[in-house]
Amino acid sequence: MGDDVEQRKFTREDRHRFRQKVQDCLDALATMLAEQTFEVGQPQIGMEIELNLVDDAMAPAMANATVLDAIADPDYQTELGQFNIEINVAPQPLRGASIEDLERNLRTSLNSADERARSSGSRLAMIGMLPTLTEKHFEHRWLSANPRYDLLNQQIFAARGEDIELDILGVRLPGADSAENLSAITDTILPEAACTSVQLHLQVAPEEFASHWNAAQALAGVQVALAANSPFLAGRALWHETRIPLFEQATDTRPKELVNQGVRPRVWFGERWITSIFDLFEENSRYFPALLPVCSDEDPLAALAEGVTPNLSELRMHNGTVYRWNRPIYDRSSGGHHIRLENRVLPAGPSIVDTLADAAFYYGTVRSLADADRPLWSQMSFDAAEENLHSAARSGFDSRLYWPEVGSVSPQELVLRRLLPMADAGLASYGVDVTVREKYLGIIEGRCLARRSGSVWQREAVVARERAGEDRESALAGMLGDYITLMNEGEPVHTWPF
């Protein structure tokens, strides 16, 4: 969805032509995969970090256009809501001290962006879900100005035919009389903008994609338990990683009747292990109607016949509107073309070093799982992997996850006893320096031993403020102010004080 789309209405002819163009793209992709024409060099990693904007009172600042003008850096772009922006990190090899270099560069870039944002009256918050967001912030007027967002909003509601229901069962915080639940009706997709994430990219060879995707799917629940950072929305204490259910509900094109029929959701974990990247692109075209059927003039098969790398524009557009938690990416660069795996389960924050620790754990563990002699996914049902994701999102470190040869286990025990050595071995196989491995995986170890993620810190900080006599609104704003201070100090979240 990075491409600009002009505001327009779509005809039945547009949709018919788009469907055929997607099929042409699939045929071209199948040819390229068979002929092995993809770039395969040393592993490349990239990253996108979504950020929130707040004012001095810690309320959402509807100012992304002003802030982006002040930042004046093409690496920063708009996102769905006017209180969101995104930074795109250029791809780089995964070796040596590259993760540490990335941390320094990110810190420099975000410090500069925050300083410029402050000059326009806003501050940057790197957090999975802005705790001061309320239902009034989901009104249509707060969509970003880019026409593609309004067009996507229109198409989702046209497909659904009715308003979106948000229904998330929350928790009872210490001292509270009952659990806090969210039940709301929205006529925009702006609740999706509350879900601010880190997206990790890994360029892989096509023949290795299936093993890496399967490994990432199996690991998703563990990632979320370790990194949960989204416990509050609209004044309520909900899941440790509320992004997961909110994103699933906020972009659901299905009315209840289609849900009851088992029609697949657009925010999708998937339904099976795969044997080829082609499986995912083919499923997307087979199961999901087009939301933005914008056709290019390119004939991808003719381009191939002429020795030109095709854009596959229709396939990429359609792929961008099917929100898999681990998504396949086809892209062109420097005249060639490559395949990437995009991991989308992580929330933003809490600190830059936490973000890089989560990335190091993911890249290392996925590499070890993908290279294992006996694939993990041959010992584990796909449904178990999906249940792990939702269990971890609900309960964080208190969840129970299924893992082969272990059975039901806490996330921290699984990580400390099994996965950290795998992550270290995987990073070593990439050529990552031992001191770098020890630094970032040591943060994951410390987080497990302390049982403190960003969401745990947020909940405990709010409870402490409420016990001191603050109401929920003041407690959330005060907590967020402390969070931003500590975020900028840069220490890992498991060491943060209240």
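Everything that follows concerns the structure shown earlier in this document.
Residues numbered from 1 in each chain as written. Predicted model: local features only at pLDDT ≥ 70, side-chain atom pairs only at ≥ 80, totals over all residues. Heavy atoms only, no water.

Concerning the overall build of the protein
What counts here: Secondary structure elements are taken from DSSP: a helix is a run of H or I of four residues or more, a strand is a run of E of two residues or more, and numbering for both begins at the N terminus. The quantity called the radius of gyration is restricted to C-alpha atoms. Its globule counterpart is 2.2 Å times the number of residues to the power 0.38. The criterion used for residue contact is that any of the two residues' heavy atoms lie within 4.5 Å. To measure how exposed things are, a 1.4 Å probe is used in the Shrake-Rupley method; for residues, cover is taken only from the protein chains shown. We score Asp and Glu as negative and Lys and Arg as positive, and we do not count His or the chain ends. Taken as the charge centre is NZ of Lys, CZ of Arg, CG of Asp or CD of Glu, depending on the residue.
In terms of regular secondary structure, the protein is built from 16 helices and 15 strands. In summary, the protein has a C-alpha radius of gyration of 22 Å against a globular reference of 23 Å for 498 residues, a match within 12%. In terms of its C-alpha atoms, the protein occupies a principal-axis envelope of roughly 70 × 50 × 45 Å. Excluding contacts between residues fewer than 6 apart, the proportion of contacts in the protein whose partners are at least 24 apart in sequence is 76%. Counting only carbon and sulfur atoms, one obtains 46% of the accessible surface of the protein, whose full area is about 19400 Å². Both charge centroids of the protein, one from 47 positive and one from 73 negative side chains, sit 3 Å from each other.

Examining empty space enclosed by the protein
Stated formally: Grid spacing is 1 Å over the protein atoms alone, the probe is 1.4 Å, and a cavity is where that probe fits but cannot get out, while a pocket is an open set with protein on both sides within 12 Å along at least five of seven lines and lining residues have an atom within 4 Å of a point. Grid points are joined across faces, edges and corners, and a volume is the space filled by probe spheres set on the points. Gly is placed with the polar residues, together with every amino acid not listed as nonpolar (Ala, Val, Leu, Ile, Met, Phe, Trp, Tyr, Cys and Pro) or charged (Asp, Glu, Lys and Arg).
Tallying each qualifying case throughout the model produces two cavities of 30 Å³ or more. Reported here for the largest cavity is a volume of approximately 140 Å³. Around the largest cavity, the lining residues are Leu 51, Arg 107, Leu 110, Asn 111, Asp 114, Leu 124, Ala 125, Met 126, Ile 352, Met 487, Asn 488 and Gly 490. Listing elements by their share of the lining of the largest cavity, those giving two or more residues are helix H3 (98–119), strand S4 (123–125) and helix H16 (472–489). With four residues, the single largest contributor to the lining of the largest cavity is H3. Considered class by class, the residues forming the lining of the largest cavity number seven nonpolar, three polar and two charged. Space inside the second largest cavity adds up to approximately 30 Å³.

Details of the pairing of strand S3 (residues 84–93)
Heads up, the rule is: Strand pairing follows a simple DSSP-based rule, namely that at least 2 bridges must link the two strands.
Of the strand pairs in this sheet, strand S1 (residues 44–54) and S3 are connected by eight bridges, and their pairing is antiparallel. When the sheet's bridge partners are listed, Ile 49 is paired in S3 with Ile 87. Inspection of the sheet shows strand S2 (residues 76–78) paired to S3 by three bridges, in the antiparallel sense. The residue bridging Thr 78 from the neighbouring strand is Ile 85, located in S3. The antiparallel pairing of S2 with S3 creates a hairpin that spans five residues between the two strands.

Comments concerning the side chain of Asn 319
Formally: In this scheme, a residue with accessible area under 20% of its type's maximum is buried, one over 50% is exposed, and one in between is partly exposed, where area comes from a 1.4 Å probe on protein chains only.
Relative to the assigned elements, Asn 319 resides in helix H10 (residues 313–319). On the basis of relative accessible area, Asn 319 is assigned to the buried category, the value being 5%. Once residues within four sequence positions are removed from consideration, Asn 319 is found in contact with Phe 281, Asn 284, Arg 327, Pro 328 and Ile 329.

Examining the nonpolar core
Test applied: What we call a nonpolar core is a set of buried Ala, Val, Leu, Ile, Met, Phe, Trp, Tyr and Cys residues that are connected through their side-chain atoms within 4.5 Å.
Core analysis: the biggest nonpolar cluster contains 162 residues, and Leu 29, Met 47, Leu 106, Val 222, Leu 233 and Phe 361 have the highest contact counts within it. Counting residues per element, this core draws most heavily on helix H5 (residues 206–227), at 13 residues. The contacts of Phe 361, once residues within four sequence positions are left out, are Leu 219, Val 222, Leu 226, Val 415, Leu 419, Leu 420, Ala 423, Leu 441 and Ile 444.

Points about the packing of helix H11 (residues 352–371) against helix H13 (residues 411–430)
Our working rule: Axis geometry follows a simple rule: fit a line to the C-alpha atoms, using only the stretch in contact for helices, then measure angles between N-to-C directions, giving values from 0 to 180 degrees. Convention used here: angles under 35 degrees read as roughly parallel, angles over 145 as roughly antiparallel, angles from 65 to 115 as roughly perpendicular, and any remaining angle as oblique.
Their axes nearest at 7 Å, the elements H11 and H13 cross at an angle of 85 degrees. As the angle between them shows, H11 and H13 are arranged roughly perpendicular. Across from Ala 360, Phe 361, Tyr 363, Gly 364, Thr 365, Arg 367, Ser 368 and Leu 369 in H11, the residues of H13 making contact are Val 415, Leu 419, Leu 420, Met 422, Ala 423, Ala 425, Gly 426, Leu 427, Ser 429 and Tyr 430. When the residues that make up the contact of H11 with H13 are grouped by side-chain class, the tally is twelve nonpolar, five polar and one charged.

Side note on the environment of Val 462
You can see Val 462 is positioned in helix H15 (residues 454–467). According to the relative accessible area criterion, Val 462 is buried, its value standing at 0%. Counting along the chain gives 386 residues from Val 462 to Tyr 76, while the straight-line C-alpha distance between them is 31 Å. Once residues lying within four places of it in the same chain are set aside, the contact partners of Val 462 are Phe 232, Arg 472, Ala 475, Leu 476 and Met 479.

Here's the deal with helix H6 (residues 243–250)
Among the eight residues of H6, eight are classified as buried, and the element is accordingly described as predominantly covered. For H6, every residue scored as buried is listed here: Arg 243, Ile 244, Pro 245, Leu 246, Phe 247, Glu 248, Gln 249 and Ala 250.

Some points on unusual backbone geometry
Residue Pro 350 follows Gly 349 across a cis peptide bond; omega there is 0 degrees. Tracing the chain through its elements places Pro 350 in the loop between strand S13 (336–347) and H11. Although it is not a glycine, Ala 72 adopts a positive phi angle of roughly 55 degrees. Counting through the fold element by element, Ala 72 comes out in the loop between helix H2 (64–71) and S2.

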